[in-house]
Amino acid sequence: MTANRVLFLTTLLPGQQTSGGEVASQAFIDGLRQNGYEVSVIGYTRKGDGYSPKPYEQVVEERYIETSKAKTQAIMWLVWGILLGLPYSAAKYYSKAYIRLVKSLLRTYQYDVVVIDHSQLSWLAKFIERKARLIFIAHNVEHEIYSSHFHNASNPLAKWLYAREADLVKILESGLAKNASEVWTLTEEDAGYFSGIEGKDKVKVLALPPGPEKTVEESVKKRFDIGLIGSWTWKFNEEGLQWFFKFIYPELSEQVSIHVAGKGAEWLEGKYPNVSYEGFVPNAQVFMAQAKVVALPILGGSGIQIKTLDALASGSAIVATPQSMRGISLSSSAIQVAENPKDFANLLLSEVHDWNIEKSEHAAKVTKDWVIKRRSQFLHNIASSIDYHPRTTADMAKSH
């Protein structure tokens, strides 16, 4: 039987798409709705954000999301997490209000499918009746990120917190994967991890496309040579930017113009003669389209890099680290990959010096065709996956 009504449980209502996670969540919601499913989205809003929910969204309550703004509430999340045996990243979203709303909706409406978006909401799984199929969207292998932070931390308290987080998040991820009818991942690498828990039949890779609004349809005049953009307050982005200026920048000519956009890199202002820091830009796609080449120096993390998808949609040439290209299977002369700083710098210089309008238009066409094909495949994969009924562990137990 084809599913019609979907309950989509997420952490933060993603309509504003201010982070990569929100962009990914909204892509799944849009994909479900474009396939004709009736979707109800439940989540929090940021305190003081003034966000107006869409007709298909319901707000649990307003609350702080980022630890930096939560102040003393962050301590309460940690205490709450210890009392409940939850990782900090899950405790910050735990609330009786969320549980009450989910229970009320499940009593009132007949949902064919319930989606839990992010392992941080795994504590909701026990309130979902077995008659509704449960799908877990794993944006990445979350515990590996905290494990990486643990290995890089030097402060004993930070190491303890990251070790606790990695251990507990791993338990949540594994438990939710076992309870779910299906696990959706964004990359083959993450699918490989979850397949090791419950087998390949339950795990599907749904490769995200850039959103329709991301494609730069018209020709944009090149304004500078190299562009970098990101949310530089995110740890892996910050590390990548620091790596770029420590190891790659010295290999570049001072005649090359470099523009950096995005919040959190104010330390760049006035530091280098050929570097302009633009801060927040109203249109990230136009910014990237104005670069002869976009640099993507990500060194860590998990899952797919949303800004790599955005860079592809901009039509500009790209030089990236291997980590930046996770989940992207596009072979094109417009994309160059390097991990060694000197090689990375040489590729950037080559793209800048060899740039011409014909080459730029060809690169834009190749990436645009790929984006269109990927969007179509994404919609097809959602429809075929959500109407696919693999046997769960519980189903197999009943048959014996």
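Before any of the text, the structure's been laid out above.
Residues numbered from 1 in each chain as written. Predicted model: local features only at pLDDT ≥ 70, side-chain atom pairs only at ≥ 80, totals over all residues. Heavy atoms only, no water.

Novice: Would you explain the sheet that holds strand S8 (residues 224–229) in this entry?
Specialist: Strand pairing in a sheet takes place through backbone hydrogen bonds and is either antiparallel or parallel in direction. Pairing within the open sheet is parallel, and its six strands lie in the order S10-S9-S8-S11-S12-S13. Because the sheet does not close on itself, it has two edges, and the strands there are strand S10 (275–279) and strand S13 (335–337). Going from strand to strand, the sheet's axes swing by 25 degrees on average, the running direction of each strand aside. Bridge count for S8 against strand S9 (residues 258–261) is four bridges, and the pairing is parallel. Residue pairing for S9: Ile226 is matched across the bridge by Ile258. On the sheet, helix H11 (residues 306–314) packs against S8, strand S11 (291–296), strand S12 (317–320) and S13 and is oriented at approximately 165 degrees with respect to S11. Seen against the sheet, helix H12 (residues 341–353) touches S8, S11, S12 and S13 and runs at an angle of roughly 165 degrees to S11. (Pairing = 2+ DSSP bridges. Helix = DSSP H or I, 4+ residues; strand = E, 2+ residues; numbered from the N terminus. Axes fitted to C-alpha atoms, helices over the stretch in contact; angles between N-to-C directions. Contact = heavy atoms within 4.5 Å.)

Novice: Would you take a moment to explain the pattern of salt bridges for this structure?
Specialist: In a structure, side chains of opposite charge can pair up when their charged atoms sit close to one another. As enumerated under the stated definition, the model contains nine salt bridges in all. Note that Glu66 and Arg46 form a salt bridge whose closest N and O atoms lie 2.9 Å from each other. Taken together, the residues span a long stretch of sequence, with Glu66 in the loop between strand S3 (57–63) and helix H2 (67–70) and Arg46 in strand S2 (residues 38–46) at a distance of 20 residues. Between Arg133 and Glu182 there is a salt bridge; the shortest N-O distance is 3.5 Å. Placement of Arg133 in strand S5 (residues 133–138) and of Glu182 in strand S6 (residues 182–185) is noted, with a sequence separation of 49 residues between them. When its relative accessible area of 0% is taken as the criterion, Glu182 is described as buried. Within the structure, one salt-bridge network assembled from shared partners comprises Glu22, Arg46 and Glu66. (Salt bridge = Lys/Arg side-chain N within 4 Å of Asp/Glu carboxyl O. Buried < 20%, exposed > 50% of the residue type's maximum accessible area, 1.4 Å probe, protein only.)

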